[in-house]
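# Notes for the structure review
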Amino acid sequence: MDKINHNLERSIVIVGAGAAGLLLKSLLNKYYPNFKIYILERKNIDKKNLSSFFLKNPKYLHPNVFSNFFKILLKKYLFETYLDIYKLNFFNSFFFNTKKLSRIDFFKKLIFSDNDKNIEIISKINEIELINNNNLIKEVIFKKNEKTRKIRCDFMFDCSGTNNFFYNKNKKNNNILKINKSKNKILITFHLKFFNKDDEKKIIKIINNEDVTLNYPFHDLTIMKNNEFYTFTFVSKLENLDKLKAKTELKNFLKDIQINDFVINKSLKWIHKNNVFYDLKDHSYIKNLIPVGDSLLLVDPSNGMGLTTILLKTIYITRKIKNFDIKNYFNFSNELFLLLSDQKLGFSKKKGFLRNFLSSKKNFIPFYNKLRSVIVNYKDRKFFKKILKKI
């Protein structure tokens, strides 16, 4: 997908200005600059106060877990965007493939990264109606400020998340096949700020200025440095942890390293009971209503795999859109879903010994971060090998 196609013209409607919608918008705009792209969003998007939009979506408040593989894909397919988001130039992009950004910082830059007249983001939408004919969505009608507007549609991409247009329309026609893979996982994140510089230095020493995952018998604890605060995220099986227990564990952890002067500014709980995939009985029912992101499948959000699967799907769509086949897209997504659902959730003290030892010594290992990235990237490419062959 190296060539930019200036000849192909399409009218694209994207519902939802979340991660899936924004990544898809940027990819389609780069490789098909003549596409007219409309993003319809229920919440208000104010250019002068973008933070308010992202703060109202809890998913953007979770820790900044962008997997190494996500960054590889972003760098390959959206290179200019990658440089801009991470404030890199062409030269240093070869040496710095990681920089700490919160999700809000990342997507604030992505939402208006394409200064193109062919992209229109319309927020505060009241109602959306889909007009279909001959198994295709022909028009999208929506209301804003009591005014009705109609858009001709070649493709409608549903990036609205769960309980979406794609699901509801197919559910009414008994055309949904729901596949569940039990996970029963809980993620609890605390945003902390330290008032004492000596206390902060203790945390910096533990995480070596970046992040670290500490392993315990019944949970993992990941500590990350953000721009102005630190996140402490507990990951466990659902039956082993709740918010009160996690808060107690956190206070005990800080007490053990003699840290007392801090404030918890925010806490977030994310229960992930099942990996879910929505397949169709008849893929030809509506051929151009395409679900992306959580509208199609839900996977374990830890380790950045949620965002990584979204990026993989948006790359697939962009590469195949000239001759898009919805059944092939669902087969691709199902294979990705099954690959990630086979991963097991387990905790033990033993598994973390070598990782914790290396993390504590990484300041003394030359080019540790670069070497770690090379190893992780090799493992990711191997893990996604079959998937990558299909995009």
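A short tour of the structure in this document, coming up.

### Describing the pattern of salt bridges
Pairing is possible between side chains that carry opposite charge, provided their charged atoms lie close to one another. Counting across every chain of the model gives six salt bridges. For D300, the salt bridge goes to K185, with nearest N and O atoms at 2.4 Å. Here D300, found in the loop between β14 (297–298) and α9 (305–320), pairs with K185, found in strand β8 (residues 176–194); they are 115 residues apart in sequence, far enough to count as distant. Each member of the pair, D300 together with K185, is buried. For E200, the salt bridge is made with K197, and the minimal N-O distance between the two is 3.9 Å. A residue pair is termed a helical-turn pair when its members lie 3 or 4 positions apart in one helix, as E200 and K197 do in helix α7 (residues 197–207) at three residues. You can call E200 buried: its relative accessible area is 18%.

### Concerning the packing of aromatic side chains
One pass over the structure, following the stated rule, counts 20 aromatic pairs. Here F277 and F330 contribute two aromatic rings whose centre-to-centre distance is 6.4 Å and whose plane-to-plane angle is 70°, an arrangement assigned as edge-to-face. Taken as a pair, F277 in strand β12 (residues 262–280) and F330 in helix α10 (residues 326–341) lie far apart in primary sequence, 53 residues in all. For the pair F383 and F384, a centre-to-centre distance of 5.0 Å together with 90° between the ring planes defines the contact as edge-to-face. Assessed through its relative accessible area of 30%, F383 is described here as partly exposed. Within the aromatic cluster, the residues linked to one another by ring pairs are F155, F157, F166, F277, Y316, F324, Y329, F330, F332 and F337. The aromatic ring of F112 is capped on one face by K47, whose charged end is 4.8 Å from the ring centroid.

### Some points on the pairing of strand β6 (residues 147–152)
Examined bridge by bridge, strand β5 (residues 136–144) and β6 share six bridges and lie antiparallel to one another. Bridge pairing in β6 places K143 opposite T148. From the end of β5 to the start of β6, which pair antiparallel, there are two residues, and N145 there has a positive phi angle of about 55°.

### A short note on the packing of helix α1 (residues 19–31) against helix α5 (residues 103–111)
In contact at an axis separation of 10 Å, α1 and α5 are set at 40° when each is read in the N-to-C sense. Considering the angle they form, α1 stands oblique to α5. Of the two possible hands of crossing, α1 and α5 adopt the one that is left-handed. Contact residues: A19, L22, L23, K25 and S26 in α1; F107, L110 and I111 in α5.

The rules behind each value
- Residues numbered from 1 in each chain as written.
- Predicted model: local features only at pLDDT ≥ 70, side-chain atom pairs only at ≥ 80, totals over all residues.
- Heavy atoms only, no water.
- Salt bridge = Lys/Arg side-chain N within 4 Å of Asp/Glu carboxyl O.
- Helix = DSSP H or I, 4+ residues; strand = E, 2+ residues; numbered from the N terminus.
- Buried < 20%, exposed > 50% of the residue type's maximum accessible area, 1.4 Å probe, protein only.
- Phe/Tyr/Trp six-rings, centres within 6.5 Å; stacked < 30°, edge-to-face > 60°.
- Lys NZ or Arg CZ within 6 Å of the ring centre and 35° of its normal.
- Pairing = 2+ DSSP bridges.
- Axes fitted to C-alpha atoms, helices over the stretch in contact; angles between N-to-C directions.
- Parallel < 35°, antiparallel > 145°, perpendicular 65-115°, else oblique.
- Left-handed = near helix turned anticlockwise from the far one by under 90°.
- Contact = heavy atoms within 4.5 Å.

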